[in-house]
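# Survey of secondary and tertiary structure
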Amino acid sequence: MVILAPGHGKVVALRRQHLDMAKPYEPKDRFYLKAKAQGLRARSAFKIEELADRMGVVKPGIAVLDLGAAPGGWLQVLAKLVGPSGLVIGVDLVEIKSLSLAHAKTLVADVTAPDFPQKLAAITPRKLDLVTSDMAPKTTGIRATDEARSLELCEIALRCAEAHLRPGGAFITKVFMGGDFKRYETQVRKRFEQVKVMRPEATRDRSFEVYITAKGFRPPRP
């Protein structure tokens, strides 16, 4: 695992070092096998598990909104961490198989649609403690295009967090490094007191993805 240091030069150096050590792609690596053994729906479940542990914000009783939640690997971990006294809501454009837990809800919806706030309020009227996003674009293989599409989804996730987080809440989003990454990181820093860039151990060696984690939400002034 690597926490990327601030500063463009250091970020590039770390990324290059990571690529130099890249291994051949393994579709069924140890995290895939571990997820299968534990009944988890996706190997990415280990990413949110590590991020939640390192941030220290996912506690029993909190309310979490998970964007791009299908197939539900993150939901499984989050539901376990918040417990029956908490609430997790998974949102995606496609249906997510139910976890069969009263405190784990799923919603087929477009978070950019005008009626999304009403759909969310129908599940819970309360402000949220954490918004997470593992949304990713369909990759084209053209790096600049993929980075731009990734940042577009990250901006959607940030707007959703701004609309639904309580003051002091937290935010986690996946983003592809490069392009306007620093500009986006600056946007996040304007809204949160503490911001870090993390790369979970379960991230594939050849991936350019990292996660921006933020705590201490400061709502925009009216």
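Attention in this report is confined to the structure presented alongside it. Position numbers for residues start from 1 in each chain and track the written sequence from start to end. Whole-chain, interface and lining totals are the exception, using all residues; otherwise, since this is a predicted model, local features are given only for residues with pLDDT of at least 70 and side-chain atom pairs are given and counted only at 80 or more. Each side-chain value is derived from all of the structure's non-hydrogen atoms; neither hydrogens nor water enter the calculation.

### So, the pattern of salt bridges
Any Lys or Arg side-chain nitrogen located within 4 Å of an Asp or Glu carboxyl oxygen qualifies as a salt bridge. Evaluated as defined, the whole model comprises 14 salt bridges. Between Glu50 and Arg54 there is a salt bridge; the shortest N-O distance is 2.7 Å. Of this pair, Glu50 and Arg54 both sit in helix α3 (residues 45-55), 4 residues apart, which is roughly one turn of the helix. Each residue gets one of three labels from its accessible area relative to the maximum for its type: buried under 20%, exposed over 50%, partly exposed in between, using a 1.4 Å probe on protein chains only. According to the relative accessible area criterion, Glu50 is buried, its value standing at 15%. Among the ionic pairs, Asp115 bridges to Lys119, the shortest N-O distance being 3.7 Å. Lys119 gets classed as partly exposed once you look at its relative accessible area, which sits at 33%. Counting from the N terminus, the helices are DSSP H or I runs at least four residues long and the strands are E runs at least two residues long.

### Section: the environment of Leu120
With respect to the helices and strands, Leu120 occurs in helix α5 (residues 116-123). Leu120 sits 13 residues away from Leu107 along the chain, and the two C-alpha atoms are 8.4 Å apart.

### What about the environment of Pro167?
Within the secondary structure, Pro167 is located in strand β6 (residues 165-176). The contacts of Pro167, once residues within four sequence positions are left out, are Phe217 and Pro219. Residue contacts follow a heavy-atom distance rule, with two residues in contact if any of their heavy atoms lie within 4.5 Å.

### Concerning the pairing of strand β5 (residues 128-133)
Put simply, side chains in a regular strand alternate between the two faces of the sheet. Within β5, 6 of the 6 residues are buried, which leaves the element mostly enclosed by the surrounding structure. Bridge count between strand β2 (residues 63-67) and β5: 4 bridges; the pairing is parallel. Its bridge partner lying in β5, Leu65 is registered against Val131. Between any two strands, at least two bridges found by DSSP are needed for them to pair. The pairing of β5 with β6 spans 5 bridges and is classified as parallel. From the neighbouring strand, Thr132 faces β6, where its bridge partner is Ile172. Read as a crossover between parallel neighbours, the route from β5 over helix α6 (residues 143-164) to β6 is right-handed. Consider the strands pointing away from the viewer: the crossover is right-handed when the path from the first strand over the helix to the second runs clockwise.

### So, the packing of aromatic side chains
Note on aromatic contacts: the rings of Phe and Tyr and the six-membered ring of Trp form a pair at centre separations within 6.5 Å, being stacked when their planes are under 30 degrees apart, edge-to-face when over 60 apart, and tilted otherwise. Going through the model one piece at a time under the given rule, you end up with 3 aromatic pairs. Between Phe171 and Phe192 the ring centres are 5.9 Å apart and the planes differ by 15°, which places this aromatic pair in the stacked class. On the criterion of sequence distance, the pair formed by Phe171 in strand β6 and Phe192 in strand β7 (residues 192-199) is long-range, its members being 21 residues apart. For Phe192, a relative accessible area of 2% puts it in the buried group. With centroids separated by 5.3 Å and ring planes inclined at 45°, the aromatic side chains of Phe192 and Phe217 adopt a geometry described as tilted. Highlighted residues: Phe192 in strand β7 and Phe217 in strand β8 (residues 209-217), separated in sequence by 25 residues. The buried category is assigned to Phe217, whose relative accessible area is 3%. One aromatic cluster in this structure is built from Phe171, Phe192 and Phe217. The ring of Phe208 carries Arg143 above its face, with NZ or CZ at 4.6 Å from the centroid. Criterion for a charge above a ring: Arg CZ or Lys NZ at most 6 Å from the ring centre, at most 35 degrees from the ring normal.

Function cannot be inferred from these measures alone, as they are strictly geometric.
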